[in-house]
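Chains, contacts and geometry: an overview
One-letter residues, chain by chain:
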Amino acid sequence: MAARAAAGAMGAAGAGPRGTLRSEPPCAAAGPAAPGEQPSRRRTTGRGSRGSEGPEPGSPQAAARELPALVGLEVSAHPEGGLAAAMPKRKPVRSRKSKRKPPARKCPARVEAEGHGAGTSENGPTSPVKVPKKRGRKSKAELLLLKLSQGLDCQAPEPICVQKILGSNEAPEGLEATPSGRPKRRAAKVALLYLQELAEELTSVYQPLASSEGPQESESDSSRKKRRSRRRKEEETDDDDLSRDVDFVPSEEVLLQAAEEEEEESDVLLSEVSESEPEAVRGHTPRMPSAGKSKPQCRGLAPNGFHNSIMAPVWKCPSITRSLRDRHYSPWEFPDWLPSTRKWTFLSESECAQYLPGEMKSPLFSIQREGIEEDGVLYRINRFNSLQPHEERLDVSFFVGGPVWAMEWCPCPEGSAAPQYVALYCNKGMDEKHSLAELHPGPALLQLWALGILQPEAGSATKARLAYAIATDHGCIWDMKFCPSGAWEPPTTCRKPPQLSRLGLLAAAFSDGKVLVYSLPHPEGLLAHRRDQVKGGPFPKHTICKVQCIATLQVGSIQAGNSSECGQCFSVSWMPSKPHQHLAAGFYDGTVAIWNLPTKSLLQRVRQADGSLKLYPFRCFLAHDHAVRSIEWCKVNSNFLVTAGNDRKIKFWDLRRLYEPINSIKRFLTTEITWLLPYNGVTVAQDNCYASYGLCGIHYIDAGYLGFKAYFVAPRKGTVWSISSSDWLNAVAAGDITGELLAAVLPDLAMNPLNIKRPSERRFPIYKADLVPCSSAGGEEAPRPKSRTYSEMTKEHCLRFQDTDLRNFRNFFSREPMRRMHEQEVKAELSLDRMQLESIHKVRFSPNLDSHGWLVSGGQSGIVRAHCLVGLTSPVGHKLLRECRAQFSAMDGDRPESPSGRLAEHGLLQEQ
């Protein structure tokens, strides 16, 4: 009887709803009712279709149906009843809902077993045995074991293994439990695996994609074997030991083994990244199939000494920039705006005297390069001369004659291997000041400097030289911009006289409220024309010309006259997408004007008597309450524009709906902004007059689309006068009033920058300029003077440039330049009661792929310096440069060459 009762109890384990136990399981062999007894009929409460038929309640088949839910559990039953013989016929079922069973007669053995319970009647059904409830939900196995352990007189049964009963060597899927009946807790391990997969997806943007030439394995064989052996070991040791049934906590051995595998994988990926070119656009990383997917490893150090997580966005930038420029740049634009010898007039020494800067010699200065023992030599450069480039560090220094306030690189096609040119403007005098509220014309000199053929890892073999200069009478130049593309052609291009081969189109913003567009020729062709024009007379030392501009842009209309009511023009920006037909400028009263350069409208275009054009804007709007200090187009979509004004506001505009800005942010006083190519925000340089303590410096500000908070790129103690960005290096450079030129590698700003750790490791100094007494140029720093004029300042003091070794960044945080930079950020003192001779006013990264690691900087001293960030250039950029040069040579090989161009070039080199 006890055995039949036990078998009946086992058959009833899953008859009720999930998580409950039926109070009266049917007997293993239901027979006719005893005489005088009414058959007890009871409806089952389990879920299932009505009238469904199943195996006889209490039979071995019914018990086998419920046993697959008890995976990994050993139950006890009496060997009698043929249970072991019948159960292997049933296949394991992962999860089966209990069905309604027909009413069964009461088993006499069950009546006898439950006869001692309370609430029994002679003919009626007995009440269920009350099981003391525990806190929490109990499984069917726990309830069954608890039921069997209460008062059932059973002999010591022989354990029945579920796997043997089911006839399978593999354990069926289901709930695992310990011998005590408590289910194994796997939640911690599952949660950890989920977090690891989530981290892989989030950090996949840092992993450079492999090249598409063929399938490449991302993991080494040794790391794969280690992972397989570790899994096999875990499976073998996964038993029912109670000591292992705890929350998952990785041991030290597991952590060390995982760290070794990660280091091996990072080394393998690091060796492959120099040969593979990343192709995924930032923020849109495609998902790779799981079979060939490799873990994105950003651990370890790159070959230049920076962390891999810092260099990962830099490795992706060349391919992104190239793909976007292929779509938005044009090989040739404005075919009618060619330079002509009829519009260029050469000036004699006496005629150009009024346009030349006042200082004939530069202030004394010394250069201390990190890792090189200098002897403290003091240099003084004559006006329009330069020092020989350094053999190892490649830096170039030249003197332009006055404080630099505008500067820009001349763009050229990728792979052209052409000489690099920089256009700049400097004030005539060192102590000269200009009023911003009033228009003022006057003589000025626009200089074009030739730096030679520059490469990412090699400098020019010759000194920098003044190619030529343009004399103007429109006042000082506050800003200038070249046409981004389509304005350059090779210097050997054949042109019919009087036309010359074009170097570029330059737009300059003047203090008389006008914007002038110049068509600049190559210096070689201009030199040949000068030889023909000046015959027999004194040959001037430098080429200085009066030029008739291509177009004059001013605010107003034909009916409004020529006087501008908007004030001086402080900023100008050329539309970055082809056909580059729009030009935007910001004025003193807060007005932004946009011109359509190739317009044929009679209301916007007037042909003047000298043949030049006067253009009026087709769109004007009041952007700010005060002067517009900086203006920039979005490089990806030309419908968007950003402006920064003296009202301390930064505004993002959609040119299709100008009645209100997209976003308006009021922060500190902004001096300049730059819009890096693939991001939805701008990097801002700020004045310290309105900044809170510790918040002055460089910030990245989202346009409002992603809703990111401002990211603090670098703190600065003084005013940051200028900022520039490189689309090829994903970096920004800024110069401030303290004389420090700083560069910072930006993170992937397509993701929230608040999650970026240790931003201080992303910035580094390029050089630091200090004002020291001439007697201690190479020694300790002495108290600075209180002079306010240039002559008094340079009597007993000189400049000291401390250059950083930019070839690599190994152990960079323990080197002297980094310690000095961090000390300046915390303890720097500003002396605003004297002339800031060491301050840097303009910084510009080269936009050209051929010289994408170079940047120029100039300031109050009139000394312009060019440096190459060799450590930031990557193998990906070098590979792209070789491809572009091969493509350019193939496209330009059949172009006819002008013989006069070669002769002019030869004569120019001999003269210089």
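Residues numbered from 1 in each chain as written. Predicted model: local features only at pLDDT ≥ 70, side-chain atom pairs only at ≥ 80, totals over all residues. Heavy atoms only, no water.

1. A word on the overall build of the protein
Convention followed: Under the scheme used here, helices are H or I runs from DSSP no shorter than 4 residues and strands are E runs no shorter than 2 residues, and both carry numbers assigned from the N terminus. Think of it in three bands: with a 1.4 Å probe and only protein chains considered, a residue is buried below 20% of the maximum accessible area for its type, exposed above 50%, and partly exposed in between. Any two residues whose heavy atoms approach within 4.5 Å at even a single point are treated as in contact. Under the convention used here, a 1.4 Å probe and the Shrake-Rupley method define accessible areas, while residue burial counts only the protein chains that appear.
Regarding its fold elements, the protein presents 15 helices and 36 strands. Residue burial in the protein is summarised as follows: out of 912 residues, 51% are buried. Across the protein, every contact between residues at least 6 apart in sequence was considered, and the portion connecting residues at least 24 apart equals 69%. Summed over its atoms, the accessible surface of the protein is roughly 43200 Å², and 51% of this surface lies on carbon and sulfur atoms.

2. Describing the environment of Trp653
As a reminder, the rule being used: Any pair of N or O atoms that falls within 3.5 Å is considered a polar contact. Within protein, one atom must be able to donate a hydrogen and the other to accept it, and sequence-neighbouring residues count only if both atoms are side-chain atoms.
Locating Trp653 in the fold gives a position in strand β23 (residues 649-654). In this structure Trp653 comes out as buried when scored by relative accessible area, which is 3%. Separated by 11 residues in the primary sequence, Trp653 and Ser664 have C-alpha atoms spaced 9.1 Å apart. When residues no more than four places from it in sequence are discounted, the contact partners of Trp653 are Phe621, Leu622, Ala623, Asn639, Phe640, Leu641, Thr643, Leu658, Glu660, Pro661 and Ile662. Here the side chain of Trp653 touches Thr643 through a polar contact of 3.0 Å, side chain to side chain.

3. Section: the pattern of salt bridges
Defined as follows: We count a salt bridge whenever a side-chain nitrogen from Lys or Arg sits within 4 Å of a carboxyl oxygen from Asp or Glu.
Enumeration according to the criterion identifies 28 salt bridges in this entry. Note that Asp654 and Arg656 form a salt bridge whose closest N and O atoms lie 3.0 Å from each other. The class of Asp654 is buried, set by a relative accessible area of 8%. Counted as one network, the salt bridges with shared partners bring together Arg716, Asp736, Glu740, Arg763 and Glu825.

4. Observations concerning the nonpolar core
Condition: Throughout this description, the term nonpolar core refers to a set of buried Ala, Val, Leu, Ile, Met, Phe, Trp, Tyr and Cys residues connected via side-chain atoms within 4.5 Å.
Core analysis: the biggest nonpolar cluster contains 57 residues, and Val713, Phe764, Ile766, Phe801, Leu855, Leu869 and Leu872 have the highest contact counts within it. For Phe764, the residues in contact, after removing those within four places along its chain, are Phe306, Leu742, Ala743, Val745, Leu806, Phe809, Phe812, Met818, Met821, Leu869 and Leu872.

5. Quick word on the side chain of Arg762
Stated precisely, the cut-off is as follows: When charges are counted, Lys and Arg contribute as positive and Asp and Glu as negative, whereas His and the chain ends are disregarded.
Inspection of the secondary structure assignment puts Arg762 in the loop between β31 (740-745) and β32 (763-773). For Arg762, which is buried and forms no salt bridge, the nearest opposite charge comes from Glu761, at a distance of 7.6 Å. Non-local contacts of Arg762, meaning those with residues more than four positions away in its chain, are made with Ser309, Ile310, Tyr711, Ala743, Ala744, Val745, Leu746, Pro747 and Ile756.

6. Focus on the sheet that holds strand β10 (residues 477-482)
As a reminder, the rule being used: Following DSSP output, two strands are said to pair if at least two bridges run between them. Axis definition: a line fitted to C-alpha atoms, limited for helices to the stretch in contact. Angles are taken between N-to-C directions and run from 0 to 180 degrees.
Here 6 strands make up an open sheet; going across it, the order is β10-β11-β12-β14-β19-β18 and the pairing mixed. Two strands lie at the open edges of the sheet, namely β10 and β18 (605-607), each paired on one side alone. Within the sheet, the average angular offset between the axes of one strand and its neighbour, ignoring direction, is 25°. The pairing of strand β12 (residues 515-521) with strand β14 (residues 551-553) spans 3 bridges and is antiparallel. The partner of Leu516 across the bridge, within β14, is Thr552.

7. Description of the pairing of strand β25 (residues 670-674)
It is a general feature of regular strands that their side chains alternate between the two faces of the sheet. The buried count for β25 comes to 5 of 5 residues, which makes it a mostly enclosed element. Direction of pairing for β25 relative to strand β26 (residues 681-686): antiparallel, over a ladder of 4 bridges. Counterpart to Thr674 in the pairing with β26 is Thr683. Here β25 hands over to β26 after 6 residues, the two strands then running antiparallel side by side.

8. Some points on the side chain of Thr321
With respect to the helices and strands, Thr321 occurs in helix α10 (residues 308-328). A polar atom in the side chain of Thr321 sits 2.8 Å from the backbone oxygen of Asp727.

9. Quick word on the packing of aromatic side chains
As a reminder of what qualifies: Note on aromatic pairs: the rings of Phe, Tyr and Trp (six-membered ring only in Trp) are paired at centre separations within 6.5 Å, and the planes decide the class, stacked below 30 degrees, edge-to-face beyond 60, tilted for the rest.
The full count for this structure, using the stated rule, is 20 aromatic pairs. With a centroid separation of 6.0 Å and an interplanar angle of 45°, the aromatic rings of Phe306 and Phe764 are classed as tilted. With a gap of 458 residues between them, Phe306 in the loop between α9 (252-273) and α10 and Phe764 in strand β32 connect regions that are remote in the sequence. Look at Phe764 and you get buried, because its relative accessible area is 0%.

10. Topic: the sheet that holds strand β4 (residues 365-369)
Read from one edge of the open sheet, 6 strands run β4-β33-β32-β31-β30-β29, paired in mixed fashion. Each edge of the open sheet carries a strand with a single partner, namely β4 and β29 (720-726). Ignoring which end each strand starts from, the neighbouring axes of this sheet average 15° apart. With respect to the sheet, helix α13 (residues 816-827) is in contact with β31, β32 and β33 (797-803), its orientation differing from that of β32 by roughly 75°.

11. A short note on unusual backbone geometry
In this structure, the amide linkage connecting Pro497 to the following residue, Pro498, adopts the cis form with an omega of 10°. Residue position: Pro498 is located in the loop between β10 and β11 (502-510). Located in the positive-phi region is Phe384, a residue other than glycine, with phi close to 65°. Note that Phe384 resides in the loop between β4 and β5 (396-399). The exposure class of Phe384 is buried, given its relative accessible area of 5%. One non-glycine residue, His580, lies in positive phi territory at about 60°. Inspection of the secondary structure assignment puts His580 in the loop between β15 (569-574) and β16 (582-587).

12. Notes on α10
Heads up, the condition is: Take the number of residues in a helix, subtract one, and multiply by 1.5 Å to get its expected span. Bend is computed residue by residue as the angle between axes fitted to the seven residues ending at the residue and the seven residues starting at it.
The end-to-end C-alpha distance of α10 is 31 Å, a good match for the 30 Å that 21 residues give at a rise of 1.5 Å each. Cys317 marks where α10 bends most, by close to 35°; the proline Pro318 follows one to four residues later. In terms of burial, α10 is a largely internal element, 17 of the 21 residues being buried.

13. As for the pairing of β10
In terms of burial, β10 is largely enclosed, as 6 of its 6 residues are buried. The sheet contact formed by β10 and β11 spans 5 bridges and is antiparallel. Within β11, the position partnered with Lys481 by the bridge is Ala507.

14. A closer look at helix α14 (residues 875-892)
Under the 1.5 Å per step criterion, the end-to-end length of α14 is 26 Å for 18 residues, consistent within 8% with the ideal 26 Å. Val876, Gly877, His878, Lys879, Leu880, Leu881, Cys884, Phe888 and Asp892 are the residues of α14 that are buried.

15. Quick notes on the confidence of the model for the protein
Residues shown with low pLDDT carry predicted positions that ought not to be read at fine detail. This is how the line gets drawn: The score called pLDDT rates the predictor's confidence residue by residue, from a low of 0 to a high of 100.
In this model, the protein carries an average pLDDT of 76, and 65% of its residues clear a pLDDT of 70 or more. Confidence drops under a pLDDT of 50 for residues 1-127, and excluding neighbours within four residues, the segment shows 176 contacts in the predicted structure. In this model, residues 896-912 is a region of pLDDT below 50 whose contacts with residues beyond four sequence positions or in other chains number 27 contacts.

16. Considering the packing of α10 against α14
Which entries qualify depends on this criterion: Working definition: roughly parallel below 35 degrees, roughly antiparallel above 145 degrees, roughly perpendicular at 65 to 115 degrees, and oblique for all remaining angles.
In contact at an axis separation of 8 Å, α10 and α14 are set at 25° when each is read in the N-to-C sense. As the angle between them shows, α10 and α14 are arranged roughly parallel. Note on element contacts: α14 touches α10 through Val876, Gly877, Leu880, Cys884 and Gln887, opposite Trp315, Pro318, Ser319 and Arg322.

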